[in-house]
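Descriptive structure summary
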Amino acid sequence: MRSVLRILKALATASAVIVIGGGAWLSVSPPQLLRVGDGYAAKIVCSNVFLAGRDPQAVLHNDVQAPGNPLLRLVRVSVDRERGHVTARILGLFAPGYALYRGALGCTSVPDGDFEAAANAAPSDPLPSVQEKAELWPDGESVTAANDGELASLLADDVLAGPQMRAMVVVHNGRIVAERYGEGFDAKTPLLGWSMTKTVNAALVGRAMLDGKVDFDTASLLPQWKDDERSRIKLRDLLGMESGLAFNENYGDVADVTRMLYLDPDMVALPANAPFEANPGERFRYSSGTAVLLSRIWMDGVGDQKKAFAYPGDALFRPLGMSSAVLEADARGTFVGSSYLYATARDWARFGQFLLQDGVWNGERLLPDGFVRAMRTPTQSSSGKYTQGQAWLAAPGGDTSAESGLPEDTFWLEGHDGQSMAIVPSANLVFVRMGLTPGRLGYKPQVVLKELLAALSAN
């Protein structure tokens, strides 16, 4: 009996040592995967609380935990609304991730916990806001003809809408003709576009081109590239995802993309120092790092940092009336042009209508002649799926227009977890579909788009 007690005591002691030692290890040197998870949770909760006015626990459950890695179910978050701080920890104890709300710049991930540096990287003066108007959309927010007839019936079909749909907007002949919103969301809810942001960021590059700051053939794009082979990379190579720079876009682990977004306060550093894996223009490599480099390049082209922070509003959002749009920046002051634009579905649709109109709005050309054409022109290295301007010809899931039964001139903005926008010039149509619909569910917005096109052609 005594030997049994001694064994049990020894096991208890060993278990305590393991627990204490494991806790100390997690506190002092947590695995990067846990830090990524907590950084992701803090950032998503922060933006949805402070920009969209949503409940933090609902965001944690629905946006972070439900669709993601099982480890995320162990994350707990706390929100300090007065200071704009959000903290996330595994089990409420380990691997803290931080985010900071910075007003007109939205939220930023603060991987190093240096809130002061992150706050100081933002402009001290408030950025001018875009005023909402009462006129008929797209000049204002009035939508008098929405949700009529067969189009509304198609959007009401839950199978066509897909799982966890949050917003759908149909624009035909320049007017919203149907829209639908998921439970808890409405026309005033800012929604994250994820990689749809890349195409908006490309339009900011186009605005900088129109202002004479850069052009497609600009090279020696970053100071650290001027004296090595990366000086050969041209702006067109970055826009077409053909820079030749290595970048791992695998979201399932601690890859380049997750390291950049959730472990690096300066998101430019990793892609700017990426090694060559091919000559510029030879290989397609989808890369969120490339889009962040584009942000840094157009910001440097604008010159003055204060003017660069105001540029998205001054150059794009205000002229288009995108009053809800917030493009977020990293902790050191570079816009995260790969991923972090929040806007209402109607404002996303405004941007689509802008591209449908070849970069002209209210009679004013805001993008260079030919720039939207580049957004619709395939690159050879992507086998015709990606374009010269940070957009897609392949529909979500990789289908071509012919395979989907869509007009050949259809092109797309696409983002993580089911964000999409289809632009069909020949039908004068823009279709926005936002949600929280992981790719593993196999949802394809081109199915409902095809039905919408058939209904419009029959009228």
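Remember, it's a predicted structure, so these values are computed and weren't measured experimentally.

Reading the values: rules and limits
Residues numbered from 1 in each chain as written. Predicted model: local features only at pLDDT ≥ 70, side-chain atom pairs only at ≥ 80, totals over all residues. Heavy atoms only, no water. Pairing = 2+ DSSP bridges. Helix = DSSP H or I, 4+ residues; strand = E, 2+ residues; numbered from the N terminus. Domains from an automatic or database assignment. Contact = heavy atoms within 4.5 Å. Buried area = accessible area lost by both parts, 1.4 Å probe. Salt bridge = Lys/Arg side-chain N within 4 Å of Asp/Glu carboxyl O. Buried < 20%, exposed > 50% of the residue type's maximum accessible area, 1.4 Å probe, protein only. Disulfide = S-S within 2.5 Å.

Turning our attention to the sheet that holds strand β7 (residues 191-192). Taken together, the three strands give an open sheet; going across it, the order is β7-β9-β8, and neighbouring strands pair in antiparallel fashion. What marks the edges here is a single partner per strand, and that holds for β7 and β8 (326-327). In this structure, β8 lies alongside strand β9 (residues 341-343), joined through two bridges in antiparallel fashion. By the bridge assignment for β9, Leu327 is matched with Leu341.

Under the domain assignment used here, the protein chain contains domain 1 (32-121) and domain 2 (191-458). For domain 1 and domain 2, the distance between their C-alpha centroids amounts to 25 Å. At the interface, 27 residues of domain 1 touch 26 residues of domain 2. For the pair domain 1 and domain 2, the summed buried area comes to about 2100 Å², and 61% of that belongs to carbon and sulfur atoms.

Under the defined criterion, the tally for this structure stands at 19 salt bridges. Residue Arg346 is joined to Glu179 by a salt bridge in which the shortest nitrogen-to-oxygen separation is 2.6 Å. A residue pair is termed long-range when its members are at least 10 positions apart, and Arg346 in helix α13 (residues 345-356) and Glu179 in strand β6 (residues 175-181) qualify at 167 residues. Side by side, Arg346 and Glu179 carry an identical accessibility label, which is buried. Three or more residues are tied together by salt bridges with common partners; here these are Glu141, Glu179, Arg346, Asp347 and Arg350.

What follows is about the state of the cysteines. Joining two cysteines, a disulfide is a covalent bond between their sulfur atoms. Summed over all chains, the structure comprises one disulfide. The side chain of Cys46 participates in a disulfide bridge whose partner is Cys107; the two sulfur atoms lie 2.1 Å from each other. Disulfide Cys46-Cys107: the torsion about the S-S bond is -75 degrees, which places it as left-handed. Taken together, the residues span a long stretch of sequence, with Cys46 in helix α2 (residues 32-50) and Cys107 in strand β4 (residues 107-109) at a distance of 61 residues.

All right, on to the side chain of His85 then. Tracing the backbone shows His85 in strand β2 (residues 85-90). If we ignore the near neighbours within four places in the chain, the residues touching His85 are Ser78, Val79, Asp80, Ala99, Leu100 and Phe115.

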